[in-house]
Amino acid sequence: MTNQPNTIETKAELLYGKKDNQIVHISEVDSGLECDCFCPACNSPLIARKGTIRTHHFAHHQGTDSQACVETALHLFAKQVLMEHKKVRLPEDQLSAEAIDHHGKKHLKTLLINAEKIEFTNVDAEVFRAGYRSDITAYPYENQNLDIEICVSHKVDLDKQEKAQRSHACMMEIDLSALEKDLSQKQIIQAVLYDAPRHWISNPLHRALEKQLQAEVEKLVFEANEEQPQKIESAPLTPKKPDNHMLLGFKVGHGYSPRYQKNFELCKLYTSRQVVSTSTRNLTCSHSGGFELEEFDLDENCIGKLEHLSFPIEVKLIMGSKLHGRKFVPVVLDLKTM
Ligand SMILES: [Zn+2]
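All of these numbers come straight from a predicted model, not from anything done at the bench.

**Q** Looking at this structure, how should I read the pairing of strand β14 (residues 144–151)?
**A** Working note: regular strand, side chains alternate between the two faces of the sheet. For β14, the tally of buried residues reaches 6 of 8 residues, placing the bulk of the element in the interior. The pairing of strand β13 (residues 136–141) with β14 spans 4 bridges and is classified as antiparallel. Paired with Thr137 across the bridge in β14 is Asp147. What sits between the antiparallel neighbours β13 and β14 is a turn of 2 residues, in which Asn143 has the positive phi angle 65°. Note that β14 and strand β15 (residues 170–175) share 6 bridges and pair parallel.

**Q** Whenever I open this one, the side chain of Arg198 confuses me. Can you help?
**A** Take Arg198: it is sitting in strand β16 (residues 198–202). Buried and unpaired, Arg198 has Asp195 as its nearest opposite-charge partner, separated by 6.7 Å. A polar atom in the side chain of Arg198 sits 3.0 Å from the backbone oxygen of Ala191. Engagement of the side chain of Arg198 in a polar contact is seen with the backbone oxygen of Ala196, the distance being 2.9 Å.

**Q** What am I meant to see in the confidence of the model for the chain here?
**A** Residues shown with low pLDDT carry predicted positions that ought not to be read at fine detail. A residue-level look at the chain finds 95% of positions with pLDDT of 70 or above and a mean pLDDT of 89. Across residues 1–9 the pLDDT falls below 50, and counting only partners more than four positions away or on other chains, this stretch makes 0 contacts in the model.

**Q** Even after reading the chapter, I still don't get the pairing of strand β19 (residues 291–298), so can you show me in this structure?
**A** Two strands pair when backbone bridges link them, and strand β18 (residues 262–274) and β19 are joined in this way by 7 bridges, in the antiparallel orientation. Note that in β19 the partner of Thr271 across the bridge is Glu294.

**Q** Sorry, what's going on with the sheet that holds β18 here?
**A** Across a sheet, paired strands are connected by hydrogen bonds in the backbone, their directions being either parallel or antiparallel. If you walk around this closed barrel you meet the 5 strands as β17-β18-β19-β21-β20, and the pairing is mixed. Put simply, the sheet's adjacent strands are angled 40° from each other on average, direction ignored.

**Q** Looking at this model, I keep getting lost on helix α1 (residues 67–85). Mind explaining?
**A** Taking 1.5 Å of rise per residue, 19 residues should cover 27 Å, and α1 covers 27 Å from first to last C-alpha, within 8% of that figure. Every buried residue of α1 is accounted for by Cys69, Val70, Ala73, Leu74, His75, Phe77, Ala78, Lys79, Gln80, Val81 and Leu82.

**Q** Help me understand helix α4 (residues 204–226) in this model?
**A** Because each turn of an α-helix spans 3.6 residues, side chains separated by three or four positions end up pointing in the same direction. Taking 1.5 Å of rise per residue, 23 residues should cover 33 Å, and α4 covers 33 Å from first to last C-alpha, within 8% of that figure. When we look at burial in α4, the residues that qualify are Pro204, His206, Leu213, Val217, Val221 and Ala224. Where α4 is buried, its residues touch β7 (93–100), β8 (106–113), β14, β15 and β16. A distance of 3.1 Å separates the backbone nitrogen of Leu205 from a side-chain oxygen at the start of α4, and that oxygen is part of Asn203.

Rules of the game
- Residues numbered from 1 in each chain as written.
- Predicted model: local features only at pLDDT ≥ 70, side-chain atom pairs only at ≥ 80, totals over all residues.
- Heavy atoms only, no water.
- Buried < 20%, exposed > 50% of the residue type's maximum accessible area, 1.4 Å probe, protein only.
- Helix = DSSP H or I, 4+ residues; strand = E, 2+ residues; numbered from the N terminus.
- Pairing = 2+ DSSP bridges.
- Lys, Arg positive; Asp, Glu negative; His and termini not counted.
- Salt bridge = Lys/Arg side-chain N within 4 Å of Asp/Glu carboxyl O.
- Polar contact = N/O pair within 3.5 Å; in protein donor to acceptor, adjacent residues only side chain to side chain.
- pLDDT = per-residue confidence, 0-100.
- Contact = heavy atoms within 4.5 Å.
- Axes fitted to C-alpha atoms, helices over the stretch in contact; angles between N-to-C directions.
- Expected span 1.5 Å × (residues − 1).

Structural data, given as structure tokens:
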């Protein structure tokens, strides 16, 4: 046998009745049928149960107390609160815009709009406009109405949301669905006006601000796209000191020459030099510019020094000579980096 705890389902009680066309709280009326109240939803007579054990509440004199009546009564009471008090806390809002530039960097701008408390002098219930009926329409701004929707169990549906947004209406929703069941009348009024969660369904002013943010972000992206990636300055091919050389690279190897039928060694160093534009007896140099490659024989002893360099690099070459065949040729014996 399972030992199940007794669970008592706590249902919300009917706390509001209708009396002389006003929604009244249970605390405001006499006990019993003397309360002279009707259900705000189904209009049947109510009894005020103000005993000592249970929370004070209304009950239908005949028939059953349905949850629908409780929800409708709270909805009507919340509307009445706004109509009477003519003030409300607006929802806060966070606006943002973002875009990504060509370099893959994200640009983001956000704007937090604080929850402002406003007052209004004019207010209507059930205004039909742009294809939908508002719970309450207040007129706090010039040329801009504020629709206030109250959610007890049903949120503003998609159709109404779209109609409000399409007609550039200002619409907010106050969410009473999580309201605690045993709040006093004063606490419920405080919740409706200020404390209960609320959010924007449609706000053309905020949409305009968001467009502005988007424009600012797109300007940042445009500027970032215009920026060229930093140019890597190529190392100049002219050494800073005229006696030095700008070393471009080297090549070392060995091979066999079928023509001379013998092995050979290759050990070369390459540097840049200004193009030599001198004319000779057989050549008249007419145009020149830039650099040309100069090649040196290299002594094997300095190969180790070359392996860890990154080229081009300015070096001082220590020259010597070696016998090649029957004559002496210049050779790089050593080099010093700057
Ligand atoms: Zn009812």
